[in-house]
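Overview (structure and organization)
Each chain is listed here by its residues.
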Amino acid sequence: MAAFTLAGIRFPVVSPVGAGGRSGGNGGWKSSSLSALTKKDYRSWKVFAGNSSYDTDATSATVAASDKVLVPDGISDDSSSSSVNLEEGSEVQESEAFSPSEDKENEVVRKASITAGPNVEVDKVEDMQEPALEKAIENEPEAEDVKPAVPPPGDGQKIYEIDPTLTAHRVHLDYRYNQYRNMRELIDKYEGSLDAFSRGYKKFGFIRCENGITYREWAPGAKSASLIGDFNNWNPNADTMTQDEFGVWKIFLPNNADGSPPIPHGSRVKIHMDTPSGFKDSIPAWIKFSVQAPGEIPYNGIYYDPPVEEKHVFQHPQPKRPKSLRIYESHVGMSSTEPKINTYVNFRDEVLPRIKKLGYNAVQIMAIQEHSYYASFGYHVTNFFAPSSRFGTPEELKSLIDRAHELGLLVLMDIVHSHASNNVLDGLNMFDGTDSHYFHSGSRGHHWMWDSRLFNYGSWEVLRYLLSNARWWLDEYKFDGFRFDGVTSMMYTHHGLQTVFTGNYNEYFGFATDVDAVVYLMLVNDLIHGLFPEAVSIGEDVSGMPTFCIPIQDGGVGFDYRLHMAIADKWIELLKKSEEKWQMGDIVHTLTNRRWLEKCVAYAESHDQALVGDKTIAFWLMDKDMYDFMALDRPSTPRIDRGIALHKMIRLITMGLGGEGYLNFMGNEFGHPEWIDFPRVDQRLPDGSIVPGNNFSYDKCRRRFDLGDANYLRYRGMQEFDHAMHHLEEAYSFMISEHQYISRKDEGDRVIVFERGDLVFVFNFHWTNSYMDYRVGCLKPGKYKVVLDSDDKLFGGFSRIDPTVDYFSSEGCRINQTSGGCTLAGIKVFQKPWR
């Protein structure tokens, strides 16, 4: 059992008792191998700049097949990705007849409520007891906290230059952009700026000043409210609150006679309300820390204001955004080799150095926002501004982030703004006793599959809450960006459920699109990139929404990257088939099927593929043989040899061809043998069926890093290969190169050959065939050498490629209609013939 201390009190970390769930090989297959080479005598050149991958005919007789990756020797390592120029233009006229998310009458009502909503005048409410507080709120931020201004909206028209086929949907897209522009204008008019609007945490919740503490809460449905907690013996009549015309409840507590704060640091606090659903005690919506007491199910809000000497002071500057993003996806709680809940401190001291050593330049952390049910993987958030208390204190999380910055690692937060826990006691659900407080009312406000609540992104105060939440994590904790979870669910009223996206644009731009949600995503990306220019935003979108990663000023949604989710699904699909049925063209198409100028983060497997009910790629490949044949002092099996070879090839071809960024879930770098299963009890589904639990076992809720480190196990070779992949990308920056060219996808030889940047990659997926003296098409003439070979013994291979051999090109073939070409002769492409 993990524990932490707060203001002299020791809080054990326990799991909720009786909490209900709210989450959501073939023997005889043969080994495969891959090599990488580099070329000497480099000459300057540039091909297909700014385009997506170019595909030649797979059966071209002029290009031979092989199994390697090649690079010219003496090449400059500098490469840059393509950029989009921002242009100002004429104003977009709003369509008067198009309102996909609401009917006309409701749209008018919504606009009227926004116009009349809380505005900057709220900041000027006078209270004779708290002049210092109001002054503090209105003061300019400290010099070091001054942010650049969020740029004004552009004309939103460049998307039609980038993709002319979008003009057929101009009515929808122009309406969407006008909704965004109108919202920006309303925010500027009534709040001063997007900057000011996103600092809601400086006004709502608990605000400390020289004279005392002010507490504000938006709860328009409540009939009365009072602040209760340890400080007033939970007396609901002691500190009653007053409500303003906008439904905001407020109370000011002056300091004690001795000058001490009226609420001691570490005190439990809640808001007591008389609501349409009866009396209830709720954790404040803007609470900064929340803790579950031992033996209790509900959480308690904690007034968190440690003394200066206990606050973490950041020592290290945030790293600049890398051109090539290589993400290590992680979960603090399950990052120990022991079956327990790990801590921020242990992750800081033990896991971060491992991530740095492997060669990743960013760590993405899941389950940061407080969630009452551990097995939800952090995706059923109850307290949006509070870091999970299971892993430690807020100061310890800050220390973790500071240490990552010292190591040069970006820290990305897996943020959940797509839905919220349906918990009534410790979440936002029915907070003020009404179904429509933060969420849509009725069925639209309930996600039937996730059993959670869905935000009303057209509500003024919901926008303030969510935008301020994103700003809070960037400002207070120095996160370097976000991976937004469940964005597909946000953008469509059907949430992407029971829907197949075929690429028809009518699927993206119609009445099923939740324009309010898309506008919120535009606003939050505006905020992130305007105030934190180095921050990264990644969206989890499976639909392939066009313009998703186009700058907002050009008419896009504004994300930096889209998660290329189809790749992982494709690998699982293929692994369920015999290898003879794999199609090289199918693999290449899936890896390269992304939109021009819209960057993707590619991955072979994330946490989704490792959850109970599925298998890791390693386990799909090697299955139960992993339990008995991974020791180097024991004989291997064909399944193990084949599995290790394919595990390396799958990862490298995904990194090489799949996107402009790469992601790996912790443990998969060495082929973690088992799935993830969080400690859980039996779960009753809405239809009455029961999903059996695991008796609260932590056995599968950990990562066996010791397996990857053991030099007597075959896992070590797969881990070393992961390190070599990142070293290769660091040296040659092939993921961000504008040159991506597929010269071979041979269904007979089972060979894929492509160029990315200055490298030539050659993969042999054949289950029996090896090839000698193979000729491989290449564009640059000269001498090539091996720079990475998956068959190296260091990586668990058989060393059938000689790294000292030089390969020379010869003229005589044509790569495309505009460029001359050459071939590399004498390349050896090996497979161990198991049959």
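All residue numbers refer to position in the chain's written sequence, counted from 1. Only residues with pLDDT of at least 70 are given local features in this predicted model, and only at 80 or more are side-chain atom pairs given and counted; all residues enter the totals for whole chains, interfaces and linings. Excluding hydrogens and water, the side-chain values take into account all heavy atoms of the structure.

Going by an unreviewed UniProt entry, the protein carries the name 1,4-alpha-glucan branching enzyme and comes from Aristolochia fimbriata. UniProt positions are given in the numbering used here, feature names are shortened, and annotations may be inferred rather than shown by experiment. Under the UniProt heading Sequence similarities (unreviewed entry), the entry covering the protein gives this text: "Belongs to the glycosyl hydrolase 13 family. GlgB subfamily."

Here's the deal with the overall build of the protein
Where helices and strands are cited, they refer to DSSP runs of H or I of at least four residues and of E of at least two residues respectively, numbered from the N terminus. Secondary structure summary: the protein contains 17 helices and 35 strands in total. Any residue under 20% of the maximum accessible area for its type is buried, any over 50% is exposed, and the rest in between are partly exposed; the area is computed with a 1.4 Å probe on protein chains only. Put simply, the protein has 835 residues, and 61% of those count as buried.

Regarding the sheet that holds strand S6 (residues 205-208)
Pairing between strands is defined by DSSP: at least two bridges between the two strands are required. The strand order S6-S7-S10-S9 describes an open sheet built from four strands, whose pairing is antiparallel. Each edge of the open sheet carries a strand with a single partner, namely S6 and strand S9 (242-243). As paired elements, S6 and strand S7 (residues 212-218) share four bridges and run antiparallel to each other. Each residue of the ladder has a partner; that of Ile207, found in S7, is Thr214.

Digging into the pairing of strand S15 (residues 325-331)
Among the seven residues that make up S15, seven are buried, leaving the element largely enclosed by the rest of the structure. Side chains of S15 alternate between two faces, with Leu325, Ile327, Glu329 and His331 and Arg326, Tyr328 and Ser330 buried alike. By the bridge criterion, five bridges tie S15 to strand S26 (residues 661-665) in an arrangement that is parallel. Paired with Ile327 across the two strands is Leu663, which belongs to S26. Where S15 and strand S16 (residues 362-366) come together, five bridges link them in parallel fashion. Within S16, the position partnered with Glu329 by the bridge is Gln364. For the segment spanning S15, helix H6 (residues 344-358) and S16, crossover handedness is right-handed. By the criterion used throughout, a crossover qualifies as right-handed when its path from the first strand across the helix to the second strand runs clockwise, the strands pointing away from the viewer.

Considerations on helix H15 (residues 638-657)
By this rule the span expected of a helix is its residue count minus one, scaled by 1.5 Å. Under the 1.5 Å per step criterion, the end-to-end length of H15 is 28 Å for 20 residues, consistent within 8% with the ideal 28 Å. By the criterion of burial, H15 is predominantly enclosed, with 19 of the 20 residues buried.

Regarding the sheet that holds strand S25 (residues 600-602)
Hydrogen bonds between backbone groups are what pair the strands of a sheet, and the pairing can be parallel or antiparallel. The eight strands are arranged S15-S16-S19-S22-S23-S24-S25-S26 in a closed barrel whose pairing can be described as parallel. Ignoring strand direction, the axes of neighbouring strands in this sheet form an average angle of 30°. The pairing of strand S19 (residues 410-415) with strand S22 (residues 481-484) spans four bridges and is classified as parallel. If you follow Met413 over to S22, its bridge partner there is Phe482. Relative to the sheet, helix H11 (residues 565-575) contacts strand S24 (561-564) and S25, its axis offset from that of S24 by approximately 10°. As a rule, the C-alpha atoms of each element are fitted with a line to give its axis, helices using only the stretch in contact, and angles between N-to-C directions run from 0 to 180 degrees. Two residues form a contact once any of their heavy atoms are found within 4.5 Å.

With respect to the packing of aromatic side chains
Only the six-membered ring of Trp is used, alongside the rings of Phe and Tyr, when aromatic pairs are assigned; centres must lie within 6.5 Å, and planes under 30 degrees apart are stacked while those over 60 apart are edge-to-face, with the rest tilted. Throughout the structure, instances matching the rule amount to 48 aromatic pairs. Geometrically, the ring pair formed by Tyr438 and Tyr465 is tilted, given 5.0 Å between the ring centres and 55° between the ring planes. Of the two residues, Tyr438 is situated in the loop between S19 and strand S20 (446-447) and Tyr465 in helix H8 (residues 460-476); the sequence distance between them amounts to 27 residues. Judged by its relative accessible area of 0%, Tyr465 is buried. Judged by centre distance (6.5 Å) and plane angle (10°), the rings of Phe761 and Phe763 are stacked. Take Phe761: its relative accessible area is 0%, and that puts it in the buried class. Lying across the ring of Tyr160, Arg170 places its NZ or CZ 3.9 Å from the centre. For a Lys NZ or an Arg CZ to count as sitting over a ring, it must be within 6 Å of the ring centre and within 35 degrees of the ring normal. When the ring centre of Tyr477 is taken as origin, the NZ or CZ atom of Lys398, which lies over that ring, is 5.2 Å away.

Some points on the confidence of the model for the protein
Looking at the protein, the pLDDT average stands at 83 and 79% of residues meet or exceed 70. Note that pLDDT drops below 50 for residues 72-144; the model gives that stretch 145 contacts with residues more than four away or on any other chain. Confidence scores per residue from the predictor, reported as pLDDT, run from 0 to 100. The low-confidence segment residues 831-835 (pLDDT under 50) makes 30 contacts with residues lying over four places distant or belonging to another chain.

Focus: the nonpolar core
Counting 187 residues, the largest nonpolar core has Tyr438, Phe455, Trp473, Phe479 and Trp571 as the members making the most contacts within it. With 12 residues, helix H10 (residues 515-531) is the single largest residue contributor to this core. If we skip the residues at most four places from it in the chain, Phe455 touches Phe384, His417, His419, Ala420, Leu428, Tyr438, Phe439, His440, Val462 and Leu466. Side-chain atoms within 4.5 Å link the members of a nonpolar core, which is a set of buried Ala, Val, Leu, Ile, Met, Phe, Trp, Tyr and Cys residues. Of all hydrophobic cores here, the second largest spans 14 residues; its members include Leu325, Leu410, Leu412 and Met565.

So, the environment of His447
Structurally, His447 can be placed in strand S20. With a relative accessible area of 2%, His447 lands in the buried category. With 27 residues separating them along the chain, His447 and Ala420 place their C-alpha atoms 9.6 Å apart. For His447, the residues in contact, after removing those within four places along its chain, are Ser452, Leu454, Ser489, His495 and Leu497.

Comments concerning the pattern of salt bridges
Salt bridges are identified by distance alone: a Lys or Arg side-chain nitrogen within 4 Å of an Asp or Glu carboxyl oxygen. Applying the stated criterion across every chain yields a total of 44 salt bridges. For Asp174, the salt bridge goes to Arg170, with nearest N and O atoms at 4.0 Å. In this pair, Asp174 and Arg170 are both assigned in helix H4 (residues 170-191), four residues apart and thus about one turn of the helix distant. Residue class for Arg170 comes out partly exposed when judged on its relative accessible area of 31%. For the salt bridge of Arg208 with Asp305, the shortest nitrogen-to-oxygen distance reads 3.1 Å. With Arg208 in strand S6 and Asp305 in the loop between strand S14 (299-302) and S15, the pair connects residues that are 97 residues apart, well separated along the chain. By relative accessible area, Arg208 is classed as partly exposed at 38%. Taken together, the salt bridges that share partners define one network made up of Asp163, Asp541, Arg562, Arg595 and Glu598.

Digging into the packing of H6 against helix H17 (residues 715-732)
One way to put it is that H6 packs onto H17 with a least axis distance of 8 Å and a crossing angle of 60°. Regarding the angle of H6 to H17, the classification is oblique. Listed contacts from H17 to Arg354, Lys357 and Leu358 of H6 are Gln719, Asp722, His723 and His726. Counted by class, the contact of H6 with H17 contains one nonpolar, three polar and three charged residues. Note on angle classes: values under 35 degrees are labelled roughly parallel, values over 145 roughly antiparallel, values of 65 to 115 roughly perpendicular, and the remainder oblique. Polar here means any residue outside two lists: the nonpolar Ala, Val, Leu, Ile, Met, Phe, Trp, Tyr, Cys and Pro, and the charged Asp, Glu, Lys and Arg; Gly therefore counts as polar.

Focus on the environment of Gly278
Mapped onto the elements, Gly278 comes out in strand S12 (residues 278-282). Separated by 154 residues in the primary sequence, Gly278 and Asp432 place their C-alpha atoms 9.7 Å from one another.

Description of the packing of H4 against H10
Orientation of H4 relative to H10, taken along the N-to-C sense of each, is 55°, at an axis distance of 10 Å. Between H4 and H10, the interaxial angle falls into the category oblique. In this structure, the crossing between H4 and H10 has a hand that is right-handed. Two secondary-structure elements touch here, H4 through His172, Tyr175, Arg176, Tyr177, Gln179, Tyr180, Met183, Arg184 and Ile187 and H10 through Val515, Val518, Val519, Met522, Leu523 and Asp526. Of the residues that constitute the contact of H4 with H10, the class distribution is 10 nonpolar, two polar and three charged. When the near helix sits turned anticlockwise from the far one by under a right angle, the crossing is termed left-handed; a clockwise turn instead gives a right-handed crossing.

So, the side chain of Ser335
Relative to the helices and strands, Ser335 resides in the loop between S15 and H6. Of the polar contacts made by the side chain of Ser335, one reaches the side chain of Asn342; its length is 2.8 Å. Not counting the four nearest positions on each side in its chain, Ser335 is found in contact with Asn342, Phe347, Val351, Met666 and Phe705. In protein, a polar contact requires one atom able to donate a hydrogen and another able to accept it; more generally it is a pair of N or O atoms within 3.5 Å, and residues adjacent in sequence count only if both atoms are side-chain atoms.

Description of unusual backbone geometry
In this model, His495 sits at a positive phi of 60°, which is unusual for a non-glycine residue. Within the fold, His495 resides in the loop between helix H9 (487-491) and H10. The backbone phi angle of Leu597 is positive, close to 70°, even though this residue is not glycine. Tracing the backbone shows Leu597 in the loop between helix H12 (584-592) and S25. Taking relative accessible area as the criterion, Leu597 reaches 21% and is therefore assigned partly exposed.

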